[in-house]
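# Structural characterization, general
If you want the building blocks of each chain, they are given just below.
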Amino acid sequence: MCGRYALYGPVSRLRERFSANIDELAADFGPRYNAAPMQLLPVVRQRPSGERVVHLLRWGLIPGWAKDETIATRLSNARGETLAEKPAFRTAYRSRRCIVPASGFYEWKAIPGGKQPYYIQPANDELFGFAGLWERWTSPAGTPIDTFTVVTTEANESMRALHERMPVILQPGDDNLWLSRDTTPERFGQLIAPCPDAMLRMHPVSKAVGNVRNEGPQLIDASSDPQSQ
DNA sequence: CCAGACGTTGTT
DNA sequence: GTCTGG
DNA sequence: CCAGACGTTGTT
DNA sequence: GTCTGG
């Protein structure tokens, strides 16, 4: 899964962590604690020359053949197990892989009578790099739009307490293998796997994150009494 | 040949 | 765009 | 992911 | 219940 995440801190962090140049529009990106599908969010792409650039792309992939953009909301995630065959993803998987930077992400655990959101962040306080795919779609009016999706895999042991799926979180040393057009399908396919449990820590948060109109650092604060919310 | 689908999540 | 079903 | 809408006609 | 928007 992974349908909501946070990305905060100075944008220069992205330059350092991903060795990427920052596009002018992405440079204006401010701290976000409730990033949701349909929004413009920073994504790392690698040009054939090897240069990496952070651009703002819209979350929710629109395949090139789509007649309209309504499919986007349903393609905010892509199952890692079937990427290579699915018509919606296979061309992007072959040649348009990207990395989605995140400070952390949210996961909703089903509990009696509702759902309890949790915030999951890197144990080392660095940034996550989610494995992603991107596409360029041109509307009937002729307007091009770049979109992305987050690749998912089965949950590792600690995530399984919340949910059966989780985003593919790349090891920093694997960034280039995922982004490069020179990597063989066999090698970048091996990166689609649950990350080690030790990379993650998690805590329950307020249900306020459920509404995309809510925003701010309080959304990642530990909730004192999750059961009573 | 043309028409129609093409996806994920979670929940039932 | 490309594949499947009819 | 959750929240919120869930419609038609004609006209701009 | 199901789809769209954020």
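Summary of the structure given here. (Residues numbered from 1 in each chain as written. Chains lettered and ligands numbered in written order. Predicted model: local features only at pLDDT ≥ 70, side-chain atom pairs only at ≥ 80, totals over all residues. Heavy atoms only, no water.)

### Focus: the protein's contact with DNA strand C
- Contacts to DNA strand C come from Trp-65, Pro-87 and Arg-90.
- Expressed as a percentage, the sugar and phosphate content of the atoms of DNA strand C within 4 Å of the protein is 27%. (Near = heavy atom within 4 Å.)

### Re the pairing of strand E7 (residues 97-102)
- Counting buried residues in E7 gives six out of six residues, a clear majority hidden from the surface.
- Where burial is concerned, the two faces of E7 agree: the one with Arg-97, Ile-99 and Pro-101 and the one with Cys-98, Val-100 and Ala-102 are both buried.
- Here E7 runs beside strand E10 (residues 128-138); their pairing, made up of six bridges, is antiparallel. In the strand pairing of E10, Pro-101 is matched with Gly-129. (Buried < 20%, exposed > 50% of the residue type's maximum accessible area, 1.4 Å probe, protein only. Helix = DSSP H or I, 4+ residues; strand = E, 2+ residues; numbered from the N terminus. Pairing = 2+ DSSP bridges.)

### Describing the sheet that holds strand E9 (residues 114-122)
- If you walk across this open sheet you meet the five strands as E3-E1-E8-E9-E13, and the pairing is antiparallel. Either end of the sheet is taken by a strand with one partner, and the two such strands are strand E3 (32-35) and strand E13 (200-204). Strand after strand, the sheet turns through a mean of 30° between neighbouring axes, direction not considered.
- Across seven bridges, the pairing between strand E8 (residues 104-111) and E9 is antiparallel. Following the sheet pairing, Ile-111 is matched in E9 by Gly-114. (Axes fitted to C-alpha atoms, helices over the stretch in contact; angles between N-to-C directions.)

### Focus: the nonpolar core
- The biggest cluster of nonpolar side chains holds 61 residues, and the ones touching the most others in it are Tyr-5, Phe-105, Phe-130, Leu-133, Phe-148 and Trp-178.
- The element that contributes the greatest number of residues to this core is E10, accounting for six residues.
- Counting nine residues, the second-largest nonpolar core is a separate cluster that includes Ala-6, Tyr-119, Val-205 and Ile-220. (Core = buried A, V, L, I, M, F, W, Y, C linked by side-chain atoms within 4.5 Å.)

### Looking at the side chain of Arg-96
- Note that Arg-96 resides in the loop between helix H3 (90-95) and E7.
- In this structure the side chain of Arg-96 is engaged in a polar contact, spanning 3.5 Å, whose partner is the side chain of Thr-91.
- With residues near it in sequence (within four places) discarded, Arg-96 still touches Thr-91, Gly-132, Leu-133, Trp-134 and Glu-135. (Polar contact = N/O pair within 3.5 Å; in protein donor to acceptor, adjacent residues only side chain to side chain. Contact = heavy atoms within 4.5 Å.)

### With respect to the protein's contact with DNA strand D
- Close to DNA strand D lie 10 residues, the nearest being Gly-3, Arg-4, Lys-115, Gly-210 and Arg-213.
- Counted by atom, the contact set of DNA strand D within 4 Å of the protein is 72% sugar and phosphate.
- A distance of 3.2 Å separates a sugar or linking oxygen of DNA strand D from a polar backbone atom of Gly-210.
- A distance of 2.6 Å separates a phosphate oxygen of DNA strand D from a polar atom in the side chain of Arg-213.
- The residue inventory of the surface near DNA strand D, partitioned by class, reads three nonpolar, four polar and three charged. (Nonpolar A, V, L, I, M, F, W, Y, C, P; charged D, E, K, R; others polar.)

### Topic: the pattern of salt bridges
- Inspection of the entire model under this criterion finds 10 salt bridges.
- Of the charged contacts in the structure, one is a salt bridge between Arg-45 and Asp-146, with a shortest N-O distance of 2.8 Å. Taken together, the positions of Arg-45 in strand E4 (residues 40-46) and Asp-146 in strand E11 (residues 144-154) put the pair 101 residues apart, joining distant regions of the chain.
- Residue classification places Asp-146 among the buried residues on the basis of a relative accessible area of 14%.
- Between Glu-69 and Arg-58 there is a salt bridge; the shortest N-O distance is 2.9 Å. Here the residue Glu-69 occupies a position in the loop between strand E5 (52-59) and strand E6 (77-79), and Arg-58 occupies one in strand E5, the gap between them amounting to 11 residues.
- Using a relative accessible area of 10% as the deciding quantity, one classes Arg-58 as buried.
- Beyond isolated ion pairs, a larger network of salt bridges with shared partners links Arg-45, Arg-136 and Asp-146. (Salt bridge = Lys/Arg side-chain N within 4 Å of Asp/Glu carboxyl O.)

Functional significance is not addressed by these values, which are geometric in nature.
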